[in-house]
Amino acid sequence: MYNYIKALHIIFIVTWFSGLFYIVRLFVYNTEAGEKSEPEKSILRSHFTIMIKRLWLGITWPSAIATLIFGPLVWWQLGVTPVWLHIKLAFVVGLYAYHFTLHAMYKQQMKGIFKYSSQQLRIWNEVATIFLVAIVMLAVVKQNMSVVWGLAGLIGFVIVLMSAIKIYKNVRTKK
């Protein structure tokens, strides 16, 4: 039974992350649609609003809830709480906090409020990537990972990621 529960947990983690990655891209496109002239602006915004709503309410939220159900079941079946799991759970709490910030953005965009630039949203989109790397590394490497080297690796990854965003912005601006 453990393997079935673990498999379902992993499936819902994958679909949840898929939703987290794609929703922010849709926020970016919806925001950039505001730069278009009518009727293109209205058509795009209408289309993106439908896509955002279906993704957020039909895939992302249900996957986040299912992950929250199956995760503790896996933990309970495991029967122990190793140190690496405490650290992983701290990142998972951070991931749910991130999810709630996206929900706030979702509600704003559904009301036609666009507080963030497309560049800010592109940067915010990468936060999910940082959580993904940290959580997967902790889940797979577990006790074999040094806290110091793990943290240094994560910081290095963040630096590379943010540098790539800056380079991409420069390339886009030149076009």
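Structure's up top.
Not measured: the values here are computed from a predicted model.

*Asks:* Would you mind going over the packing of helix α4 (residues 118–141) against helix α5 (residues 147–174) with me for this structure?
*Replies:* In a packed pair of helices, the relevant descriptors are the angle between the two axes and the axis-to-axis distance. Interhelical geometry of α4 versus α5 gives an angle of 155° and a closest axis separation of 11 Å. Classed by the angle they form, the pair α4 and α5 counts as roughly antiparallel. When you trace α4 past α5, the crossing you get is right-handed. Here Gln119, Arg122, Ile123, Glu126, Thr129, Ile130, Val133 and Ala134 of α4 come into contact with α5, specifically with Leu154, Phe157, Val158, Leu161, Met162, Ile165, Tyr168, Lys169 and Arg172. Split by residue class, the contact of α4 with α5 holds 11 nonpolar, two polar and four charged.

*Asks:* Looking at this structure, how should I read empty space enclosed by the protein?
*Replies:* Taking a probe equal in size to a water molecule and rolling it over the atoms shows the remaining empty space. This model, assessed by the stated rule, comprises one cavity of 30 Å³ or more. Here the largest cavity defines a volume of roughly 40 Å³. Lining the largest cavity are Met105, Gln108, Gln109, Ile113, Phe114, Lys115, Tyr116 and Leu121. When residues in the lining of the largest cavity are grouped by element, the largest group, three residues, is from helix α3 (residues 83–110). Taken together, the residues that form the lining of the largest cavity break down as five nonpolar, two polar and one charged.

*Asks:* Would you take a moment to explain the pattern of salt bridges for this structure?
*Replies:* Two side chains bearing opposite charge may form a pair once their charged atoms approach each other closely. Counted according to the given criterion, the structure contains one salt bridge. With its nearest N and O atoms 3.0 Å apart, the salt bridge here joins Arg122 to Glu32. With Arg122 in helix α4 and Glu32 in helix α1 (residues 2–33), this residue pair connects regions lying 90 residues apart in the sequence. Given a relative accessible area of 9%, Arg122 falls into the buried group.

*Asks:* Hey, could you run me through the environment of Arg122 in this one?
*Replies:* Residues Arg122 and Arg25, spaced 97 residues apart in sequence, show a C-alpha to C-alpha distance of 7.4 Å. With residues up to four places along the chain from it excluded, the contact list for Arg122 reads Arg25, Val28, Glu32, Ile165, Tyr168 and Arg172. For Arg122, the side chain forms a polar contact with the side chain of Glu32, separated by 3.0 Å.

The rules behind these values
- Residues numbered from 1 in each chain as written.
- Predicted model: local features only at pLDDT ≥ 70, side-chain atom pairs only at ≥ 80, totals over all residues.
- Heavy atoms only, no water.
- Axes fitted to C-alpha atoms, helices over the stretch in contact; angles between N-to-C directions.
- Helix = DSSP H or I, 4+ residues; strand = E, 2+ residues; numbered from the N terminus.
- Parallel < 35°, antiparallel > 145°, perpendicular 65-115°, else oblique.
- Left-handed = near helix turned anticlockwise from the far one by under 90°.
- Contact = heavy atoms within 4.5 Å.
- Nonpolar A, V, L, I, M, F, W, Y, C, P; charged D, E, K, R; others polar.
- 1 Å grid on protein atoms, 1.4 Å probe; cavity = no way out; pocket = protein on both sides within 12 Å on 5 of 7 lines; lining within 4 Å.
- Points joined across faces, edges and corners; volume = space filled by probe spheres on them.
- Salt bridge = Lys/Arg side-chain N within 4 Å of Asp/Glu carboxyl O.
- Buried < 20%, exposed > 50% of the residue type's maximum accessible area, 1.4 Å probe, protein only.
- Polar contact = N/O pair within 3.5 Å; in protein donor to acceptor, adjacent residues only side chain to side chain.

Limitation: the analysis is restricted to geometry and does not speak to function.
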